[in-house]
Amino acid sequence: MSDRRLLTSETEARSYVESLASQEAWEGLNRYASLLLEENQRQNLISKPSEASLWLRHIADSAQLLEHAGLNAPSQNTDGPWLDLGSGPGLPGLIISILSPELPVVLVESRARRVEFLERCISEMGLNNCTVRGDRLERIDPFHAGIISARAFAPLEKLLSLSAPFSTKHTRYLLPKGRSAAHELKRVKAPIRKMFHVKHSLTDADAGIIVSK
Ligand SMILES: C[S@@+](CC[C@H](N)C(=O)[O-])C[C@H]1O[C@@H](n2cnc3c(N)ncnc32)[C@H](O)[C@@H]1O
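All of these numbers come straight from a predicted model, not from anything done at the bench.

**Q** Is there a simple way to think about the nonpolar core in this case?
**A** Soluble globular proteins tend to bury their nonpolar side chains together. Counting residues in each nonpolar core, the largest one holds 54 residues, and the members touching the most others are Ala60 and Leu83. If near-sequence neighbours (up to four positions away) are discounted, Leu83 is found in contact with Val106, Val108, Ala145, Ile147, Ile148 and Phe166.

**Q** Would you explain the UniProt feature "binding site: S-adenosyl-L-methionine" (unreviewed entry) in the chain in this entry?
**A** Here the UniProt feature "binding site: S-adenosyl-L-methionine" (unreviewed entry) sits at Gly86, Leu91, Leu137, Glu138 and Arg151. By the element assignment, Gly86 lies in the loop between strand S1 (82-85) and helix H4 (93-99). Overall, the presence of 22 C-beta atoms within 10 Å leaves Gly86 in the buried class. Discounting chain neighbours no more than four positions away, the residues touching Gly86 are Val108, Glu109, Ala150 and Phe153. Here Leu91 shows up in the loop between S1 and H4. Given 24 C-beta atoms within a 10 Å radius, Leu91 is considered buried. Those residues in contact with Leu91, other than ones at most four positions away along the chain, are His58, Ser62 and Arg151.

**Q** I tried to follow the site of the ligand on my own but got confused; where do I start?
**A** The environment of the ligand is formed by 15 residues, the closest being Gly86, Gly88, Ser110, Leu137 and Arg151. Residues of the shell around the ligand, tallied by class, amount to 5 nonpolar, 4 polar and 6 charged.

About the criteria used
- Starting afresh in each chain, residues are numbered from 1 along the sequence in its written order.
- With pLDDT at 70 or above as the cut-off, local features in this predicted model cover only qualifying residues; side-chain atom pairs require 80 or more to be listed or tallied, and sums for whole chains, interfaces and linings still use all residues.
- Structurally, a nonpolar core is described as a collection of buried Ala, Val, Leu, Ile, Met, Phe, Trp, Tyr and Cys residues joined by way of C-beta atoms within 7 Å.
- To sort residues by burial, count the other C-beta atoms lying within 10 Å of each one's C-beta; a count of 20 or more means buried, 12 or fewer means exposed, and anything in between means partly exposed. C-beta atoms are built from the backbone.
- Residues are defined as contacting one another if the C-beta atoms placed from their backbone atoms lie within 7 Å.
- UniProt positions are given in the numbering used here, feature names are shortened, and annotations may be inferred rather than shown by experiment.
- Only DSSP runs of H or I with at least four residues qualify as helices, and only runs of E with at least two residues qualify as strands; both kinds are numbered from the N terminus onward.
- Contact assignment follows one rule, namely that a residue is near a molecule or strand if its backbone-placed C-beta atom lies within 6 Å of it.
- For this classification, Asp, Glu, Lys and Arg are treated as charged, while Ala, Val, Leu, Ile, Met, Phe, Trp, Tyr, Cys and Pro are nonpolar and the rest, including Gly, are polar.

Structure, rendered in structure tokens:
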């Protein structure tokens, strides 16, 4: 455990994210951080205590998914878009779309005020690769996603069942599950369990990301 990479401060988190970003993306992420903090005064997008560690707790925590996306691997099917379920304020989907402007990203979010915020961010930052579906996932006509992410969306079994119409055998799941990752994976049936493993999170020594093999 001790040799694991771990980000422990806002400064480290910002440097980490900057290392993944082009100049344009870095400016976009800083703009997003301002918009998010401003909007958080009007609606509850992130917890108030986590505002002070926005880059560590939310932005770096989202950005690290790119390390597990396998986007440069020839075997990775990127025919379908990156689909982010229950995006809330755009975590992680909007962060991914800012960092990867060539990658089509679809955000699904059911709450109208959150959808309005996502649409405003997309418009103000000119994110041509990102679209929002403002509805419950269950009501959206299925399409095939290359990658499916979901952060704080639903328990694993429910998440897999809701997202099944959007996945193929090539779809990669990236599911930041906080401190419950290993426990959640243990609780699902063996055939499903074998399709996933848990990667360490860079932002919390006890947190994990459930990733499909
Ligand atoms: C706990 S929040 C997490 C938001 C964000 N992913 C994050 O990490 O901050 C879960 C979000 O999923 C949305 N949501 C819950 N069930 C949904 C569904 N069936 N379809 C679409 N969105 C849903 C909620 O409105 C909420 O914004």
